[in-house]
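# Summary of structural features
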Amino acid sequence: MAEPLITLKQVDVEFKEKTRSVHAVDHVDLTVERGDIYGIVGYSGAGKSTLVRTINLLQRPTSGTVSVLGQDMLKLDAAKLRQERRRIGMIFQHFNLMNSRTIADNVAFPLKGTKVTETTADGKKIWRKIKKSEINQKVSDLLELVGLADRATAYPNELSGGQKQRVGIARALASDPEILISDEATSALDPKTTSSILDLLAHLNQKLGLTIVLITHEMEAVKQICNKVAVMDEGRIIERGTLLQIFAQPHEQLTKDFIDTTIQIESAIAAVRKQPAVRDLQAPDQLVRLTYVGASTDQPLVATLFKTYNVTANILFGDIQILQGTPFGNLLVVLSGTQADLDRAFDYLQQSDVTVQHLSANQEGEQA
Ligand SMILES: Nc1ncnc2c1ncn2[C@@H]1O[C@H](COP(=O)(O)OP(=O)(O)O)[C@@H](O)[C@H]1O
Ligand SMILES: [Mg+2]
């Protein structure tokens, strides 16, 4: 059963400044369930960081309720809040490591002075301060987990960006959190390193059952590991769903734009328009983009168009990726046939859950 770990209800954050006020988060409802890797995507300034900072109350909402791991966060006293925050790890774009301390010391830092439970010989449970040897063991386990076992005595400046973020992740996991909030954690990294950090997060999600909230302005990151996604704009969540729902049926233009960044469709369309098959296009033939998720891929679309509808499909560009184990396809094709056959073919495509977008044969045509 899906268990809600984070429930935000009508969370609102207004920053009041002397001359103006900024409505950073506008009455947001959000539920994150155990085991989710929940992506929140949006442009800079959309309110993503402010929103996730309300989860551990680094940012107190102006109004609304915040429930995390069964606790009403706004009702906790300072001590209890500190305790709850340890169950919510956080990683950042700029790593926030202490440069004068070794990697091991950075990871050990949140463990210093913490308490652990112990069962005594007569079966009583007692709290005691964590021992130095236990910290050392824990740090070495964490560094092993993030693939940095051999860098314990190095200093942050000796590490690459990807390695620094691995340290950030190890440090965030030191208090055995159930939730990890990643705020643009890969935004300072090159694509290959980004991908390896995302793989690590997905691995931790599986191995530790860690629930992850992933803030990013890159849909590519969401696509790689998230099972759910919310799109944020001007303080509001404008669209949300499972990854497949969002990719299969985006409703908002902003969502479509974010998805398109992951397939470089704009440059593909520009290239296709230069091809003779498109340049010399005669009506009623037309250039279309076909988008489909899952089952429709298995259908021999092109063959059916020809056999049943007498429409030929000349594929000029194709991109098929696997999302959560399900194919997500984008084709740019020229469809040829009589107008009546084309109309019937479009009905068939729609019934097969294939999204058809009509494109003009040239850029000028689109602007007209
Ligand atoms: N402490 C603050 N004081 C005033 N305005 C803020 C503060 N923090 C964020 N903002 C404003 O709130 C809006 C959302 O910011 P932020 O949550 O950082 O967006 P994002 O993380 O999506 O880039 C922006 O207009 C930003 O300038
Ligand atoms: Mg931000």
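These figures come from a predicted structure and were not determined experimentally. (Residues numbered from 1 in each chain as written. Chains lettered and ligands numbered in written order. Predicted model: local features only at pLDDT ≥ 70, side-chain atom pairs only at ≥ 80, totals over all residues. Heavy atoms only, no water.)

### Thoughts on the side chain of T304
Put simply, the test is: Here a helix means four or more residues in a row that DSSP labels H or I, a strand means two or more in a row labelled E, and each is numbered from the N terminus. Under the scheme applied here, a residue whose accessible area is under 20% of the maximum for its type counts as buried, over 50% as exposed, and between as partly exposed, the area being computed with a 1.4 Å probe on protein chains only. Residue contacts are defined here by distance: any two heavy atoms, one from each residue, within 4.5 Å place the two residues in contact.
As for its placement among the helices and strands, T304 is situated in helix α13 (residues 301-309). The class for T304 is buried, based on a relative accessible area of 18%. Ignoring any residue separated from it by four or fewer positions in sequence, one finds T304 in contact with Y309 and Y348.

### What about helix α4 (residues 132-145)?
What counts is decided by this rule: How far a helix is expected to stretch is found by multiplying one less than its residue total by 1.5 Å. Comment: arc refers to directions from the helix axis out to C-beta atoms.
Here α4 is 14 residues long and its end C-alpha atoms lie 20 Å apart, about the 20 Å a rise of 1.5 Å per residue gives. Of the residues making up α4, those classed as buried are I135, V139, L142, L143 and L145. Each buried residue of α4 lies within a common arc of 155° when the element is viewed along its axis, so the set occupies one face. Looking at the buried side of α4, the elements it contacts are α3 (103-108), α5 (161-173) and α6 (191-208).

### Quick notes on the sheet that holds strand β11 (residues 228-233)
Using the following cut-off: Strands are labelled as partners when DSSP assigns at least two bridges between them. As a rule, the C-alpha atoms of each element are fitted with a line to give its axis, helices using only the stretch in contact, and angles between N-to-C directions run from 0 to 180 degrees.
The sheet built from six strands is open, its strands ordered β6-β9-β10-β3-β11-β12 with mixed pairing. The open sheet has two edge strands, β6 (88-92) and β12 (236-242), and neither has a second partner. Strand-to-strand twist of the sheet, defined as the mean angle between neighbouring strand axes without regard to direction, takes the value 15°. Bridge analysis of β6 against strand β9 (residues 179-183) gives five bridges, and the strand direction is parallel. Bridge assignment links I91 to a residue of β9, and that residue is S182. Those strands touched by α5 are β6 and β9, and its axis lies near 165° from that of β6. Strands in contact with α6 are β3 (37-41), β6, β9 and β10 (211-216); relative to β10, the strand with the most contacts, it is inclined by about 155°.

### Observations regarding the side chain of R166
Where we set the bar: This count recognises Lys and Arg as positive and Asp and Glu as negative, with His and chain-terminal groups excluded. Just to be clear on terms, a salt bridge is a Lys or Arg side-chain nitrogen sitting within 4 Å of an Asp or Glu carboxyl oxygen.
Along the chain, R166 turns up in helix α5. Although buried, R166 forms no salt bridge, and the nearest oppositely charged side chain, D199, lies 7.7 Å from it. Sequence-distant contacts of R166, defined by excluding residues within four places in its chain, comprise V146, L148, S196, I197 and L200.

### Regarding the domain arrangement of the protein chain
Applied cut-off: Annotation comment: domain bounds sourced from an automatic or database domain assignment. We define buried area as the total accessible area lost by two parts upon association, computed with a 1.4 Å probe and summed across both. Polar contact is defined as a pair of N or O atoms within 3.5 Å, subject to the rule that within protein one atom must be able to donate a hydrogen and the other to accept it, and that residues adjacent in sequence are counted only when both atoms are side-chain atoms. Gly is put with the polar residues, along with every residue not named as nonpolar or charged; the nonpolar set is Ala, Val, Leu, Ile, Met, Phe, Trp, Tyr, Cys and Pro, and the charged set is Asp, Glu, Lys and Arg.
Taken domain by domain, the protein chain comprises domain 1 (4-249) and domain 2 (265-367). For domain 1 and domain 2, the distance between their C-alpha centroids amounts to 41 Å. Every contact between the two is made by nine residues of domain 1 and, on the other side, seven residues of domain 2. Carbon and sulfur atoms supply 66% of the area buried between domain 1 and domain 2, which totals about 710 Å² over both sides. For the domain 1 face of the interface with domain 2, the top three residues by lost area are K223, L244 and F247, together amounting to 63%. For the interface between domain 1 and domain 2, the tally reads zero salt bridges. Applying the counting criterion to the domain 1 and domain 2 interface returns two residue pairs in polar contact (both at pLDDT 80 or more). At the level of elements, α7 (219-225) and α8 (243-248) are the ones that each hand at least two residues to the side of domain 1 that touches domain 2. The dominant element in the side of domain 1 that touches domain 2, judged by the number of residues it contributes, is α8, at four residues. Along the lines of polarity and charge, the residues of the side of domain 1 that touches domain 2 split into six nonpolar, two polar and one charged.

### Here we look at the sheet that holds strand β4 (residues 63-68)
Taken in spatial order, the four strands of this open sheet run β2-β1-β4-β5, and their pairing is antiparallel. One side of each edge strand has no neighbouring strand; the edge strands of this open sheet are β2 (21-33) and β5 (71-72). Inspection of the sheet shows strand β1 (residues 4-16) paired to β2 by nine bridges, in the antiparallel sense. Of the residues in β2, the one forming a bridge with P4 is E33.

### Considering the packing of α5 against α6
The condition that has to hold: For classification purposes, angles smaller than 35 degrees are called roughly parallel, those larger than 145 roughly antiparallel, those between 65 and 115 roughly perpendicular, and all remaining angles oblique. If you view the pair so one helix is near and one far, a crossing is left-handed when the near helix is turned anticlockwise from the far one by less than a right angle, and right-handed when it is turned clockwise.
Two elements in contact, α5 and α6, have axes whose closest approach is 10 Å; the angle formed by their N-to-C orientations is 20°. One element, α5, and the other, α6, form an angle in the roughly parallel class. Here α5 runs over α6; the crossing is right-handed. Residue-level contacts link G162, Q165, R166, I169 and L173 of α5 to T193, S196, I197, L200, L201, L204 and L208 of α6. Classifying every residue of the contact of α5 with α6 gives seven nonpolar, four polar and one charged.

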